Amino acid sequence: MKFKVPTWMSTIPAARGLLTIAIVGALSVGVARADTLRVIGGNLATVDPIVTTSGEVQVHGNLIYDKLFEFDSSRTPRPQMAGKVDVSSDKKTYTITLREGLKFSDGTPITTDDAIQSLKRWESRDVVGGLLGARTKEMVKVDDLIFRIGLNEPFDVLSALANTEGNVPFIMPKRVASLPPTVQLTDTTGSGPYKFDYSTWKPGQTRVYTKNPFYTPRNDPASYYWGKKEATFDKIEISNVPDANTAMAAMLTGKQDIWTAPIDNALALRNDPKLVVSKGYFVQSLFVVNHKVPPFNNIKAKEALTNLIDQKELMQISVGDPQFWHTCYAYLTCEGKYGDESAYSGHRGAADYEKAKELFKEAGYDGKPIVIFDITDWAEAHARSLYLAQQLRKIGVQVDLQAMDWATLTSRRTSKAPASEGGWNLFPTYMEVEPASSPITHLMMAANCDKAWFGWPCDEKLEKLRSAFASAVDENEKKKIAYELQARASAYYPFIMTGEYGVPTVYGADIEGFNPDAPYSYYWNIKRKSK
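Residue numbering note: each chain is counted from 1, following its sequence as written. Only residues with pLDDT of at least 70 get local features here, since the model is predicted, and only at 80 or more are side-chain atom pairs given and counted; chain-wide, interface and lining totals rely on the full set of residues. Only heavy atoms go into the side-chain values, all of them from the structure, while hydrogens and water stay out.

Now for the overall build of the protein chain. Assigned secondary structure in the protein chain consists of 17 helices and 19 strands. Based on the C-alpha atoms only, the size of the protein chain along its principal axes is roughly 90 × 60 × 40 Å. Here the protein chain holds 531 residues, and 54% of them are scored as buried. Counting only contacts in the protein chain whose residues sit at least 6 apart along the sequence, the fraction spanning at least 24 positions is 71%. Every accessible area reported is derived by Shrake-Rupley at a probe size of 1.4 Å, with residue values counting cover from the shown protein chains alone. Within the structure as shown, the protein chain displays about 21800 Å² of accessible surface, and the carbon and sulfur contribution to it stands at 52%. All tallies of charge rest on Lys and Arg as positive and Asp and Glu as negative; His and the ends of each chain are not included. Every charge is mapped onto a representative atom, which is NZ of Lys, CZ of Arg, CG of Asp or CD of Glu. Computing the positive centroid from 62 side-chain charges and the negative centroid from 62, the protein chain places the two 3 Å apart. Helical segments are the DSSP runs of H or I of at least four residues, strand segments are the runs of E of at least two, and each set is numbered from the N terminus. Throughout this description, buried means an accessible area under 20% of the type-specific maximum (1.4 Å probe, protein chains only), exposed means over 50%, and partly exposed covers the range between. We call two residues in contact whenever any of their non-hydrogen atoms come within 4.5 Å of each other.

Below is the structure:
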């Protein structure tokens, strides 16, 4: 940046002094700007990644915690906090050794006691953790750096411990991980590259992360979530900006660096040379169904929903630009290796109103309002809720469309009460295609009743197929089971598919090292080119 001194000012000593102060001040602001990464994110309603599966909490968790294993760019689990792992020939014993010298953000050493207790808390809550826990014969300490996991049957332990979806197996101090998984933690002492001050945090406001001085990164080159995690910025600020126009203005003026933007706003920013607009990661668009309460405790009512949804029409309404979406009838996604649309035997194409009306009648629909959560701070989901409400009303179904922000929804969705007593029937969301491509990591595919994700699908056949997939070693056998599982899902309807689309991310052209394709953003190894 160059400053030109006006001729008249150069003759006045006081003016020269004031100008010098102004220049130094401007440069100081520039330096401060370079040392702070500013991100537009969502509202962080809780800081506990085991209590909730909220994506915003996972972003938070990625900053302040580390994991024993992480996935590299080829989706291979690699040691992260672990220094090495020894696996027995029968795939039933895993001996994990921690890297030496690891410390928490309060300076205390990280030991296997912390790792074991963290995994126990995670297993008690997470879908993948539950599968691992059901197969675990023992998880025992050998010494402060070595522990052993013994299984009753083979299981891909390393992929489970590297999982990025659901309740993530972050490593916490034993004292923190000893809390029951139903109790939200207030101690945010972490194992990751940044630290977080819980005492100054207020939901809905900007949250601040600073470097963890005790963090020791790996020396391996960074590859996706794995490898060197370097806290390159002194400070990271994540602001909750619900209004898209305000967020857009902040990106245009350079006040913010990164924003996962609504598609319309992202498209409007494509021609600005100061910004990069990425198509981002693809997601499986869906409606979560409450299987516990009428009318969707009846399969006929769930089938009726599929007859009301024209994926092409819905994607055009909710997403728009065709480069960002496609229709898909594969329960394990059209982007993943196990997805297979031919396994789906349900409705496709244009809505069949007469069939839907007939199916609701067969389900015994009693005319009571169906409660749909309408997410007002998420444009695409809001459009889906309005669409489905309209489709239901077309066949004479009563609808109670309840408007709320996403943070409110995450607390309301826990209710198992009847819809007329504060409960719910449906809400829109999505699953990132990466975890949704496997029966193990697809949260909504778990059908283990009260232990399942919100909506609580309950189907013994689906669970047996998921268990068989988890234990299968041969890839051909896995594909066979995955096909059978998707065929069963098209008869049971654990959730309602509505297509797949990309989630665009906008970031400053001066930012390098940021990966917009990661389903849950991480902010290590990012640099500002001007720095």
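Here we come to the nonpolar core. The definition of a nonpolar core used throughout is a set of buried Ala, Val, Leu, Ile, Met, Phe, Trp, Tyr and Cys residues joined through side-chain atoms within 4.5 Å. Within the largest apolar cluster, 141 residues are counted, with the highest numbers of intra-cluster contacts made by Leu68, Phe360 and Tyr523. Residues contacting Tyr523, with those up to four places away along its chain left out, are Leu37, Val39, Val59, Leu63, Tyr194, Ile236, Ile238, Ile258 and Phe514. Listed in part, the 10 residues of the second largest apolar core include Ala247, Met251, Ala261 and Ala266.

Moving on to empty space enclosed by the protein. Here a cavity denotes grid points, spaced 1 Å and computed from the protein atoms alone, that fit a 1.4 Å probe unable to get out, and a pocket denotes an open set having protein on both sides within 12 Å along at least 5 of 7 lines; residues with an atom within 4 Å of a point are the lining. Grid points are joined across faces, edges and corners, and a volume is the space filled by probe spheres set on the points. Under the counting rule described, the total for this entry stands at four cavities of 30 Å³ or more. If you trace the largest cavity, you find it lined by Thr306, Ile309, Gln311, Tyr329, Tyr331, Tyr344, His347, Tyr493, Phe495, Ile496 and Met497. A total of three residues in the lining of the largest cavity trace back to one element, the largest contributor, which is strand E17 (residues 495–508). Amino acids are sorted into nonpolar (Ala, Val, Leu, Ile, Met, Phe, Trp, Tyr, Cys and Pro), charged (Asp, Glu, Lys and Arg) and polar (every other residue, Gly among them). The residue makeup of the lining of the largest cavity, split by class, is eight nonpolar, three polar and no charged. Its boundaries defined by the atoms lining it, the second largest cavity holds a volume of some 50 Å³.

Here the expected span of a helix is defined as 1.5 Å times the quantity of residues minus one. Taking 1.5 Å of rise per residue, 12 residues should cover 16 Å, and helix H16 (residues 460–471) covers 17 Å from first to last C-alpha, within 8% of that figure. Along H16, the residues classified as buried are Leu462, Glu463, Leu465, Arg466, Phe469 and Ala470. What you see down the axis of H16 is that its buried residues fit within an arc of 160°, all on one side. Along H16, exposed side chains directed more than 90 degrees from the buried face belong to Glu460, Lys461 and Lys464. Looking at the buried residues of H16, the elements they touch are helix H5 (127–135) and helix H17 (475–492). Of all possible arcs, the one meant is that of the directions from the helix axis to the C-beta atoms.

This next bit is on the state of the cysteines. Working definition of a disulfide: a covalent bond connecting the sulfur atoms of two cysteines. Sulfur atoms of two cysteines make up a disulfide when they are within 2.5 Å. Considering all chains together, one arrives at two disulfides under this definition. Paired through a disulfide, Cys328 and Cys334 show a sulfur-sulfur distance of 2.1 Å. The S-S bond linking Cys328 to Cys334 shows a torsion near 95°; that makes this disulfide right-handed. Exposure remark for Cys334: the relative accessible area of 33% places this residue in the partly exposed category. What connects to what in the protein chain, once the bonded cysteines are numbered by sequence position, is 1-2, 3-4.

This part is about the packing of aromatic side chains. Two rings from Phe, Tyr or Trp (for Trp, the six-membered ring) form a pair when their centres sit within 6.5 Å of each other. Planes less than 30 degrees apart are called stacked, planes more than 60 degrees apart edge-to-face, and all others tilted. Under the criterion given, the structure shown has 25 aromatic pairs. Relative to Phe514, the ring of Tyr507 lies with its centre 5.3 Å away and its plane at 70°, an arrangement referred to as edge-to-face. What makes Phe514 buried here is its relative accessible area of 8%. These aromatic residues form a ring-pair network of at least three members: Phe373, Trp424, Phe427, Trp453, Phe454 and Trp456. Between the NZ or CZ atom of Arg78 and the centre of the ring of Trp226, over which it lies, the distance is 4.0 Å. Remark: a charge is flagged as sitting over a ring if the NZ atom of Lys or the CZ atom of Arg is within 6 Å of the ring centre and within 35 degrees of the ring normal.

Here five bridges tie strand E5 (residues 93–98) to strand E7 (residues 146–151), and the two strands are oriented antiparallel to one another. Across the sheet, Tyr94 pairs through a bridge with Ile149, a residue of E7. The pairing criterion is simple: DSSP has to find at least two bridges between the two strands. Judged from the five bridges that link them, strand E6 (residues 136–141) and E7 form a sheet pairing that is antiparallel. Note that in E7 the partner of Lys141 across the bridge is Phe147. Taken together, E6 and the strand that follows it, E7, pair antiparallel across an intervening segment of four residues.

Another aspect to go through is the environment of Trp201. Inspection of the secondary structure puts Trp201 in the loop between strand E8 (194–196) and strand E9 (207–211). Sequence spacing of Trp201 and Leu44 is 157 residues, and the spatial spacing of their C-alpha atoms is 9.5 Å. Contacts of Trp201, omitting those with residues within four sequence positions, involve Leu44, Ala45, Thr46, Val47, Phe196 and Arg207.

The next subject is the sheet that holds E5. Taken in spatial order, the four strands line up as E4-E5-E7-E6 in an open sheet, and their pairing is antiparallel. Pairing within the sheet leaves two strands with one partner each, and these edge strands are strand E4 (82–87) and E6. Strand-to-strand, the axes of this sheet are offset by a mean angle of 15°, without reference to chain direction. Together, E5, E6 and E7 form the strand contacts of helix H4 (residues 112–123), whose direction differs from that of E6 by roughly 150°. Each axis is a line fitted through C-alpha atoms, taken for helices only over the stretch in contact, and angles between the N-to-C directions span 0 to 180 degrees. The sheet strands contacting H5 are E6 and E7, and the helix crosses E6 at an angle near 90°.

At their nearest, the axes of helix H10 (residues 299–308) and helix H12 (residues 353–362) sit 8 Å apart, and the two run at 165° to each other. One element, H10, and the other, H12, form an angle in the roughly antiparallel class. Like other packed secondary-structure pairs, H10 and H12 cross with a definite hand, here left-handed. Taken together, the residues of H12 that come into contact with H10 (itself represented by Lys300, Ala301, Glu303, Ala304, Asn307 and Leu308) are Tyr353, Lys355, Ala356, Leu359, Phe360 and Glu362. Broken down by class, the residue content of the contact of H10 with H12 amounts to seven nonpolar, one polar and four charged. Any angle between 65 and 115 degrees counts as roughly perpendicular, while under 35 counts as roughly parallel, over 145 as roughly antiparallel, and the rest as oblique. Left-handed describes a crossing in which the near helix is turned anticlockwise from the far one by less than a right angle; the clockwise case is right-handed.

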